[in-house]
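Each chain, written out:
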Amino acid sequence: GQAASAGGTGKTTAEMKTLSTFTDAGWDFAGETNNGSDDFWNHNVDYQDRYPSLFFQSYLPIVTTTIATSITNNSAASGGEVTYDGYDNDTAYGVCWSTSSNPTIADSTTNDGTGTGIFTSAITGLTYGTIYYYRAYATNSVGTCYGPEYNFLTMPLGSGSSGDPYQISSLNELRWLSEHSSYWSAHIIQTEDIDATDTQNWNSGTGFIPIGNSSTY
């Protein structure tokens, strides 16, 4: 290797990740005009570990996942935010879901637009009393990136009325009921025999949380 510098002043790693190191040397970056408007270089604090990259280069996007809300027995609402498109304006985004962990765009998906920013997704066509795993995705010319994965349990059949009670037919639905006390005053019917052996492992080993209280029966 080379034992001594051929000339010039070396830069620290921190300096090599600082935009002003390069703009002060006359590099033409997107977003500034002091060094020209050809925009040969990019500098993104969320990608490339802050090192500059050529403007024509694209990278994987970055996306986050929004926690699901408005969960019913056949649908839920989620979404996410594309915080970085990898310098590819055609980045497509949405949410993917499955009954197995680590869903991908090969599973059920929404397609909610292109570009960057916050988006909402309608997760539909679900089965009652089922655990679903979901996460946001963003796809550009380089590939697909996924946000954090979460899961939710869809509600049981029924509306909770006297004529249409919630129908508890599985251990998953029984757990949903035990963990949602706001529904304890509704009309509920158990429609199947349920093996509750696994409840001994629930709640860090403390077991099943009783359903009901002194004012609800």
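Here the structure is a predicted model, which is why all the values come from computation and not from measurement.

Student: Tell me about the overall build of the chain, residues and numbers included.
Tutor: Summing up its helical and strand segments, the chain has three helices and 13 strands in all. Expected size for 217 residues packed as a compact globule is a radius of gyration near 17 Å; at 26 Å, the chain overshoots this value by more than 25%. Projecting the C-alpha coordinates of the chain onto the three principal axes gives extents of approximately 85 × 35 × 30 Å. When burial is assessed residue by residue, the chain has 32% of its 217 residues classed as buried. Partitioning the intrachain contacts of the chain with sequence separation of at least 6 by distance along the chain shows that 55% fall at a separation of at least 24. Within the structure as shown, the chain displays about 12,300 Å² of accessible surface, and the carbon and sulfur contribution to it stands at 47%. When the 5 basic and 22 acidic side-chain charges of the chain are each reduced to a single mean position, those positions are 13 Å apart.

Student: Provide a residue-level description of the state of the cysteines, including the pertinent values.
Tutor: This model, assessed by the stated rule, comprises zero disulfides. The thiol of C96 is unpaired, and the distance to the nearest cysteine sulfur, on C145, comes to 11 Å. The exposure class assigned to C96 is buried, which follows from its relative accessible area of 0%.

Student: Describe in detail the sheet that holds strand β3 (residues 62-69), supporting the description with residues and values.
Tutor: Taken in spatial order, the three strands of this open sheet run β3-β4-β8, and their pairing is antiparallel. The open sheet has two edge strands with one neighbour each: β3 and β8 (117-123). Direction aside, neighbouring strands of the sheet carry axes that sit 20° apart on average. Note that strand β4 (residues 76-84) and β8 share seven bridges and pair antiparallel. Paired with A77 across the two strands is A122, which belongs to β8.

Student: Before we move on, can you summarise the side chain of R135 with the specific residues and values?
Tutor: In this fold, R135 is placed in strand β9 (residues 131-139). Nearest to the buried, unbridged R135 among oppositely charged side chains is E149, at 5.0 Å. In this structure the side chain of R135 is engaged in a polar contact, spanning 2.7 Å, whose partner is the backbone oxygen of P103. In contact with R135, not counting residues within four places along its chain, are T65, G94, V95, C96, N102, P103, T104, Y146, G147, P148 and E149.

Student: Quick rundown of the pairing of β3? Include the residues and the values.
Tutor: For a regular strand, side chains alternate in direction, first toward one face of the sheet and then toward the other. By the bridge criterion, six bridges tie β3 to β4 in an arrangement that is antiparallel. Bridge assignment links T66 to a residue of β4, and that residue is G79. Taken together, β3 and the strand that follows it, β4, pair antiparallel across an intervening segment of six residues, in which S70 is found at a positive phi of about 50°.

Student: Hey, could you go over the nonpolar core for me, with residue numbers and the actual values?
Tutor: Core analysis: the largest hydrophobic core is formed by 15 residues, its most contacted members being V95, W97, F119, I123, Y134 and F152. Among the elements of the structure, β3, β4, β5 (92-98), β8 and β9 are those that each provide at least two residues to this core. With four residues, β9 is the single largest residue contributor to this core. Grouped together as the second largest cluster of nonpolar side chains are 10 residues, M155, I168, L171 and W184 included.

Student: Pulling in residues and values, what's your account of helix α3 (residues 171-178)?
Tutor: Within α3, six of the eight residues are buried, which leaves it mostly tucked inside the rest of the structure. Buried residues belonging to α3 abut β11 (150-153), β12 (166-168) and β13 (188-190).

Cut-offs and rules
For every chain, the first residue of the written sequence is number 1, and numbering continues from 1 onward in sequence order. This being a predicted model, a pLDDT of at least 70 is required before a residue's local features are given, and a value of 80 or more before pairs of side-chain atoms are given or counted; all residues contribute to the totals for chains, interfaces and linings. In computing side-chain properties, one takes all heavy atoms of the structure into account and sets aside hydrogens as well as water. The numbering of helices and of strands both runs from the N terminus, where a helix is a DSSP run of H or I of at least 4 residues and a strand a run of E of at least 2. Put simply, the radius of gyration uses C-alpha atoms, and a globule should come to 2.2 Å times the residue count raised to 0.38. Summary of the burial criterion: residues with accessible area below 20% of their type's maximum are buried, those above 50% are exposed, and those between are partly exposed, where the area comes from a 1.4 Å probe applied to protein chains only. Any two residues having at least one pair of non-hydrogen atoms within 4.5 Å are treated as being in contact. Note on areas: Shrake-Rupley with a 1.4 Å probe; residue coverage comes only from the protein chains shown. Asp and Glu are treated as the negative residues and Lys and Arg as the positive ones, with His and the ends of the chain left uncounted. Charged groups are reduced to one reference atom each: NZ for lysine, CZ for arginine, CG for aspartic acid, CD for glutamic acid. Throughout, a disulfide means two cysteine sulfur atoms within 2.5 Å of one another. When DSSP locates at least two bridges between a pair of strands, those strands are taken to pair. A fitted line through C-alpha atoms represents every axis, and for helices the fit uses only the stretch in contact; the resulting angles, taken between N-to-C directions, go from 0 to 180 degrees. Should a side-chain nitrogen of Lys or Arg be within 4 Å of a carboxyl oxygen of Asp or Glu, the pair is scored as a salt bridge. We define a polar contact as two N or O atoms separated by no more than 3.5 Å, with the added condition that, inside protein, one atom must be a possible hydrogen donor and the other a possible acceptor, whereas residues neighbouring each other in sequence contribute only through side-chain atom pairs. Residues belong to one nonpolar core when they are buried, are Ala, Val, Leu, Ile, Met, Phe, Trp, Tyr or Cys, and are joined through side-chain atoms within 4.5 Å.

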